[in-house]
Amino acid sequence: MSRYYCPFCSSRYQFHKTRSDGVLICGQCGDPLLKKPLLNSRRIIGLVAASAFLAPLLVMIIFVLNDFTKESLPKNSESLVLLTMDK
Ligand SMILES: [Zn+2]
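Along each chain, numbering runs from 1 in the same order as the chain's sequence is written. Reporting of local features is limited, given that this is a predicted model, to residues whose pLDDT is at least 70; pairs of side-chain atoms are given and counted only at 80 or more, and all residues count toward the totals for whole chains, interfaces and linings.

## Notes on the overall build of the protein
Cut-off, in case you're wondering: Secondary structure elements follow DSSP: runs of H or I of four or more residues count as helices, runs of E of two or more count as strands, with numbering from the N terminus. The exposure scheme places C-beta atoms from the backbone and then counts, for each residue, the other C-beta atoms within 10 Å of its own, assigning buried at 20 or more, exposed at 12 or fewer, and partly exposed in between. Residues are treated as contacting if the C-beta atoms built from their backbones sit within 7 Å of each other.
On a plain count of helices and strands, the protein comes out with two helices and four strands. Taken from the N to the C terminus, the helices and strands of the protein come in the order β-β-β-β-α-α. Taking all 87 residues of the protein together, the buried fraction comes to 3%. Considering only contacts within the protein whose residues lie at least 6 apart along the sequence, 25% involve residues at least 24 apart.

## Structural notes on the confidence of the model for the protein
We count it as follows: Confidence of the predictor at the level of single residues is captured by pLDDT, which takes values from 0 to 100.
Overall, the prediction assigns the protein a mean pLDDT of 82, with 79% of residues at 70 or greater. Ranking the elements of the protein by mean pLDDT puts helix α2 (residues 74–86) last with 61 and strand β3 (residues 24–26) first with 92.

## Here's the deal with the environment of S10
Along the chain, S10 falls in the loop between β1 (4–5) and β2 (16–18). In this structure S10 comes out as exposed when scored by C-beta crowding, with 8 C-beta atoms within 10 Å.

Written out as structure tokens, the structure is:
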């Protein structure tokens, strides 16, 4: 992925050219390209949202695994799986 982007064109269809003086320009509109920030706010929001979804899931998995190790009888662990899947 390129570190430069054109703010005017769709990122999916834009292609980059180097002007005769060495400046990177957009191949579609001819405007100079902007440098991408390393961490854009959208990515940070995405990561926060993903971790908010994943954190309770990980906690649940840890609890289920703890219950599995406590219950040594195989028939009990089978009913536990049915209980957790029902939720
Ligand atoms: Zn452009």
